[in-house]
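# Structure assessment
These are the residues of each chain, in order.
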Amino acid sequence: MDYHIALPILFSSGIFVGFFAASVGGGALVSFPIFLLTGLPVHTAVASNRFAALLQTSSSSLKFLQAGKTDLKNSMKFAAFACAGSVIGAQLTLSINEKHLNLAAAIMMALVTVFTIIKRNLGTKSRLIKRKPTPLLYLATFTLGIYGGFFGAGFGAGRSLSSRCAVAALAFDASVRS
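Residues numbered from 1 in each chain as written. Predicted model: local features only at pLDDT ≥ 70, side-chain atom pairs only at ≥ 80, totals over all residues. Heavy atoms only, no water.

All right, on to a nonpolar patch on the surface then. Among the surface-exposed residues, Leu62, Leu65, Leu72 and Met76 lie close enough to one another that they form a single nonpolar patch of about 370 Å² accessible area. For the nonpolar patch, the secondary structure elements donating two or more residues are helix H3 (42-66) and helix H4 (72-95). Structurally, the position occupied by Leu72 is in helix H4. Exposure remark for Leu72: the relative accessible area of 46% places this residue in the partly exposed category. (Patch = residues over 30% accessible without salt bridge, like charges linked within 9 Å, V, L, I, M, F, W, Y side chains within 5 Å. Areas by Shrake-Rupley, 256 points an atom, 1.4 Å probe, with all protein chains shown as cover. Salt bridge = Lys/Arg side-chain N within 4 Å of Asp/Glu carboxyl O. Helix = DSSP H or I, 4+ residues; strand = E, 2+ residues; numbered from the N terminus. Buried < 20%, exposed > 50% of the residue type's maximum accessible area, 1.4 Å probe, protein only.)

Turning our attention to the packing of H4 against helix H6 (residues 135-150). It is the contact of H4 with H6, at a shortest axis distance of 6 Å, that shows an interaxial angle of 40 degrees. When the axis of H4 is compared with that of H6, the two are oblique. Between H4 and H6 lies a crossing of right-handed hand. In terms of residue class, the contact of H4 with H6 is built from 12 nonpolar, 8 polar and 1 charged. (Axes fitted to C-alpha atoms, helices over the stretch in contact; angles between N-to-C directions. Parallel < 35°, antiparallel > 145°, perpendicular 65-115°, else oblique. Left-handed = near helix turned anticlockwise from the far one by under 90°. Nonpolar A, V, L, I, M, F, W, Y, C, P; charged D, E, K, R; others polar.)

With respect to the element layout, Ser13 can be found in helix H1 (residues 3-23). The exposure class assigned to Ser13 is buried, which follows from its relative accessible area of 12%. Residues Ser13 and Phe35 lie 22 residues apart in sequence; the distance between their C-alpha atoms is 9.4 Å. In this structure the side chain of Ser13 is engaged in a polar contact, spanning 3.1 Å, whose partner is the backbone oxygen of Leu10. (Polar contact = N/O pair within 3.5 Å; in protein donor to acceptor, adjacent residues only side chain to side chain.)

Let us now look at the side chain of Asn49. Tracing the backbone shows Asn49 in helix H3. Judged by its relative accessible area of 6%, Asn49 falls in the buried class. Excluding its chain neighbours within four sequence positions, the residues that come into contact with Asn49 are Ala28, Ser31, Phe32 and Phe35. (Contact = heavy atoms within 4.5 Å.)

Under the counting rule described, the total for this entry stands at 4 aromatic pairs. Centroid distance Phe78 to Tyr138: 4.7 Å. Interplanar angle 25 degrees. Geometry classified as stacked. Linking Phe78 in helix H4 with Tyr138 in helix H6, this pair joins segments that are 60 residues apart in sequence. The pair formed by Phe78 and Tyr138 is uniform in burial state, with each residue classed as buried. For the pair Tyr147 and Phe151, a centre-to-centre distance of 6.3 Å together with 65 degrees between the ring planes defines the contact as edge-to-face. Its relative accessible area of 21% is what places Tyr147 among the partly exposed residues. Through successive ring pairs, a cluster of aromatic residues spans Phe32, Tyr147 and Phe151. (Phe/Tyr/Trp six-rings, centres within 6.5 Å; stacked < 30°, edge-to-face > 60°.)

See below:
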C-alpha cells in the first residue's frame, strides 16, 4: 500500500484502537489485522503491537502503584518472570520466517477471537490474593510472558485465566492444608 494512504489509516486506526482498548480491551485484535492490511510485514506488526502493549501496561501499572492497589515487591518478582518469558517469546518470533509467522498469527488470531467471544466475562471480577504466590503462578506468568513476547494478542484474557488458575491453586492449597 502507498505510504501516503497507509499513514493516515494507521494514524486514525491507532486513535480508534487506543479508545477501544481502554474501553473494552483487546486492542491488538483490532490493530494487528489493520497493520497487515496496510502492508506492514508480520514481524513489524507483532513488534508494533508489543510496543503499544508495553506502553499500556506501564501506564496501568503506574496508576495501580500510585493508587496503592499493588504490592511493588511482589509485582517486581512477577515482572521479572514475565520479562524473561517475553524475551524468549520475542526470540521465537524472530526465528520464524515470515510465511510461517503469518500462518501462526492467523491461527492465534482465530483462537483468541473465539476464546474472547466464548469467555466474554472472563476477568471482569477482580480478586485480591492475600496469600504468598505459588511456584505455579510464577510458571504461569513466565509462560504468559513467552506468549506476550511471541504474539500477545488476547494477552489480557490469558492474564485473567492465569489469575483464575492462581485463585484455584491457592484454594486447593488451603483445602489440602486444612
